[in-house]
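Each chain is listed here by its residues.
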Amino acid sequence: MAVLFVAVSTARADERYRLTLGPGVESISDSSAVWTRADLERLAARLRDRLLLEGRIGAMVRLTLAPAAAGDSLSLALLTVRSAPVTSALLPVVRGGEDLVPDGAQVFLQASGGRADPRSIQDGLQALRAAAQTRGRFGAEASIDSVVPAAADTARAYIALHPGPPVAIDSLDVGGSTMRPSVVGSISGLTRGRVITPELLDDARTRLEQSELFASVGAIGVEKGLDPAHARVVAPLVENRLSRFEGALGIQNQGGVTGLFDLALGNIGGSGRAAGARWAGYGEGRSEYAARYREPTLLGTGLDAALSLEAQVADSLYTQTKWSLDLSGRPFRNARLGGAIRRSGSAYTGAGRGTSATWSLEGRMAWRSLAPAENPVHGMSLSLTGEAGRRTERYPGFPRATRGLLRAAAAWEAAHPTGSSRALYAAVRAEGISLGGDALPAEELRFLGGSEGLRGHRDREFAGDRILAMTLEHRWITGPRGGRVFVFVDGARHELTAPIEAGSARGLPGGTGSLARTELSGGWDFGYGAGLRSPIRAGTVGIELGLSPGAPLRESKLHLRYATDW
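These numbers come from a predicted model, not from an experiment. (Residues numbered from 1 in each chain as written. Predicted model: local features only at pLDDT ≥ 70, side-chain atom pairs only at ≥ 80, totals over all residues. Heavy atoms only, no water.)

Participant: Please clarify how the pairing of strand β12 (residues 230-234) should be interpreted in this entry.
Facilitator: Both faces of the sheet carry side chains from a regular strand, because those side chains alternate between them. Pairing of strand β9 (residues 168-173) with β12, which is carried by five bridges, proceeds in the parallel orientation. Along β12, the bridge assignment pairs Asp-173 with Val-234. A loop of five residues connects strand β11 (residues 221-224) with β12, the two strands running antiparallel in sequence. (Pairing = 2+ DSSP bridges. Helix = DSSP H or I, 4+ residues; strand = E, 2+ residues; numbered from the N terminus.)

Participant: What should I look at first to understand a nonpolar patch on the surface in this one?
Facilitator: On the surface, Leu-249, Phe-261, Trp-476, Val-485, Val-487, Leu-532, Ile-543 and Leu-560 cluster together into a nonpolar patch covering about 620 Å² of accessible area. One can find Leu-532 in strand β32 (residues 523-536). (Patch = residues over 30% accessible without salt bridge, like charges linked within 9 Å, V, L, I, M, F, W, Y side chains within 5 Å. Areas by Shrake-Rupley, 256 points an atom, 1.4 Å probe, with all protein chains shown as cover. Salt bridge = Lys/Arg side-chain N within 4 Å of Asp/Glu carboxyl O.)

Participant: Would you explain the environment of Gly-225 in this entry?
Facilitator: As for its position among the elements, Gly-225 is in the loop between β11 and β12. The class of Gly-225 is partly exposed, set by a relative accessible area of 39%. The spacing of Gly-225 and Leu-91 is 134 residues in sequence and 35 Å in space, taken between C-alpha atoms. Those residues in contact with Gly-225, other than ones at most four positions away along the chain, are His-230 and Ala-231. (Buried < 20%, exposed > 50% of the residue type's maximum accessible area, 1.4 Å probe, protein only. Contact = heavy atoms within 4.5 Å.)

Participant: Even after reading the chapter, I still don't get the packing of aromatic side chains, so can you show me in this structure?
Facilitator: In this description, an aromatic ring pair is defined by two values, namely the gap between the centres and the angle between the planes. A complete count under the given rule lists seven aromatic pairs for this structure. Ring plane angle 50° and centroid distance 6.5 Å describe the contact between Phe-245 and Tyr-562, whose orientation is recorded as tilted. In this pair, Phe-245 is assigned in strand β14 (residues 244-252) and Tyr-562 in strand β34 (residues 557-565), connecting sequence segments 317 residues apart. On the basis of relative accessible area, Phe-245 is assigned to the partly exposed category, the value being 26%. Their ring planes at 80° and their centres at 5.9 Å tell us that Tyr-348 and Tyr-395 sit as a pair that is edge-to-face. Remark: Tyr-395 occurs in the loop between β22 (379-394) and β23 (401-419) and Tyr-348 occurs in strand β20 (residues 335-348); sequence separation between them is 47 residues. According to the relative accessible area criterion, Tyr-348 is buried, its value standing at 5%. Looking at Tyr-395, the relative accessible area reads 4%, which means it is buried. Here the aromatic residues Phe-245, Phe-261, Trp-279 and Tyr-562 are joined through ring pairs into a cluster of three or more. In this structure, Arg-455 is placed above the aromatic ring of Phe-488, and the distance from its NZ or CZ to the ring centre is 3.8 Å. (Phe/Tyr/Trp six-rings, centres within 6.5 Å; stacked < 30°, edge-to-face > 60°. Lys NZ or Arg CZ within 6 Å of the ring centre and 35° of its normal.)

Participant: What is the right way to look at helix α5 (residues 198-210) in this model?
Facilitator: Along an α-helix, residues three or four positions apart point the same way, because every turn accommodates 3.6 residues. Compared with the 18 Å implied by 1.5 Å per residue over 13 residues, the 19 Å span of α5 between its first and last C-alpha is a close match. Along α5, the positions that sit buried rather than exposed are Leu-200, Leu-201, Ala-204, Leu-208 and Gln-210. Immediately downstream of α5, the backbone of Glu-212 shows phi near 65°, a positive value. (Expected span 1.5 Å × (residues − 1).)

Participant: Hey, could you run me through the environment of Ser-146 in this one?
Facilitator: For Ser-146, the position within the fold is in strand β7 (residues 141-149). The exposure class of Ser-146 is partly exposed, given its relative accessible area of 31%. With 14 residues separating them in the primary sequence, Ser-146 and Ala-160 have C-alpha atoms 9.5 Å apart. Apart from residues lying up to four places away in sequence, Ser-146 is in contact with Arg-156, Ala-157 and Tyr-158.

Participant: What should I look at first to understand the confidence of the model for the protein chain in this one?
Facilitator: Per-residue confidence for the protein chain averages 85 on the pLDDT scale, and 91% of its residues sit at or above 70. Across residues 1-7, confidence stays below pLDDT 50; counting only partners more than four residues off in sequence or on other chains, it has 22 contacts. (pLDDT = per-residue confidence, 0-100.)

Participant: Got a minute to help me understand helix α3 (residues 118-133) in this structure?
Facilitator: Spanning 16 residues, α3 covers 22 Å between terminal C-alpha atoms, matching the ideal 22 Å at 1.5 Å per step. Where α3 is concerned, the buried positions are Ser-120, Ile-121, Gly-124, Leu-125, Ala-127, Leu-128, Arg-129, Ala-131, Ala-132 and Gln-133. For α3, the secondary structure elements touched by its buried residues are β6 (89-95), α2 (104-112), β7, β8 (154-162) and α5.

Participant: Hey, could you run me through the side chain of Arg-336 in this one?
Facilitator: If you trace the backbone, Arg-336 turns up in strand β20. At a separation of 3.3 Å, a polar atom in the side chain of Arg-336 contacts the side chain of Asp-304. Excluding its chain neighbours within four sequence positions, the residues that come into contact with Arg-336 are Gln-210, Arg-294, Asp-304, Ser-328, Gly-329, Arg-330, Pro-331, Arg-364, Met-365 and Ala-366. (Polar contact = N/O pair within 3.5 Å; in protein donor to acceptor, adjacent residues only side chain to side chain.)

Participant: Help me out: how do you make sense of the packing of α2 against α3 in this one?
Facilitator: For any two helices packed against each other, one specifies the crossing angle of their axes together with the interaxial distance. At a minimum axis distance of 7 Å, the contact between α2 and α3 shows a crossing angle of 135°. Judged on the interaxial angle alone, α3 and α2 are oblique. Between α2 and α3 lies a crossing whose hand is right-handed. Between α2, through Gly-104, Val-107, Phe-108, Ala-111 and Ser-112, and α3, the contact on the second element is made entirely by Ser-120, Ile-121, Asp-123, Gly-124, Leu-125, Ala-127, Leu-128 and Ala-131. (Axes fitted to C-alpha atoms, helices over the stretch in contact; angles between N-to-C directions. Parallel < 35°, antiparallel > 145°, perpendicular 65-115°, else oblique. Left-handed = near helix turned anticlockwise from the far one by under 90°.)

Okay, structure coming up:
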């Protein structure tokens, strides 16, 4: 340090001292008290720190300890200060690391402003260390060797910069996380042998936060190893509950029972991979099946890959199967960009006959800042999706036909707090499809009703090639794990701009078979109701009661839901 602290003693450490104040030391409280050596050293240190704060960088504090005189029970202590003028400006001279930080003196000056107070000096030293760290020398150290007065209020500071060797990652510590360190390293970029820089650590934390695999990501730290060229990186991680089961039943007058079962398995074998299966039944012989698999870091890159298989059955009209391969990544915080290749095929079994096949490419963009995840009370999310492809149709009695396909979708959500435990939640989604030709295939309809919007109506009660669905909820938050009581209002518009076809049966009037209970005429419809979600030890249960305007209570729709994470 520029201010020196010196202790000289030939006495025992357990002796008691009488303090004498020498030149340069003003009176202090309790100067006549009996002191221990530890007390004296603390006093000298406080005096040194006060001189530093006053800018007296060249001053020296000296504590001299001597044994007691003959016949005296107390040893002697002398505290002196060699005075130095107040230094207001500092001229740095950096020695070492010239090949790494050639402008070291300028880096120090910019950070410290050339000021001589302790805070500015520390800022300058930290800037020198940071400049070396950005070049891979994470073990760099900077310190002041000495200070020499240069003028009345200016001093020249000789600074030693010891860059040390480049520091590479030797191992990755993920705390109590069950995910394998190799997987975390692949997702974050913290792989063995990479040179550590602050930019690498910041980027790694962002990538971990955006992977959606962790509930929280702490500050990533670096711990030195026995080899100065290698270090251990510590990433404090708390995993999300990655596995989930969700089930729902819908009970509706004259509509039978509908249902949903969704099983998702996450972090399989500590690999971060996920898989799942889903079934949804909409009544009247209509159901959907899906299986999916997700690779969180494809070939060690920051891209996610997903493979999905789907089937849609309307038993008196068609069976449609699909597969898709999806790639996505996060270009910046809260955002995700992705694309997919899709292939679907339909076989018609009702009044019409024939088959169809579609190849398409999809692109999408999403941005989400809703928080917290279970019960959002602030923030917004937006997603946009576009899909284009070619559809080939083969129907008995008709020539083979090919036409273009365009799909588009947009979704928006927002939440705003209305009190300490209340929030207003709103959501809007819009979907549309366009095909060349004069008819719309039945399997391309977009649906509304029940779990797909308009909770006061039957599942899939309405359909069209253009739909707009909106909901507004006022929520009373009852717990941190998704508990809430809410009232809601739903509204939706559906339009059909072309006649429906199912294979060789074209221009179906108002829908037949499995679409007999689906309204295809355009218009607005509304619903309202109330519900609750309540956490229990094994998961979350929910119940919603939906009504449509003007309908009697006996035609209300009851939705039961159960979900559990592990």
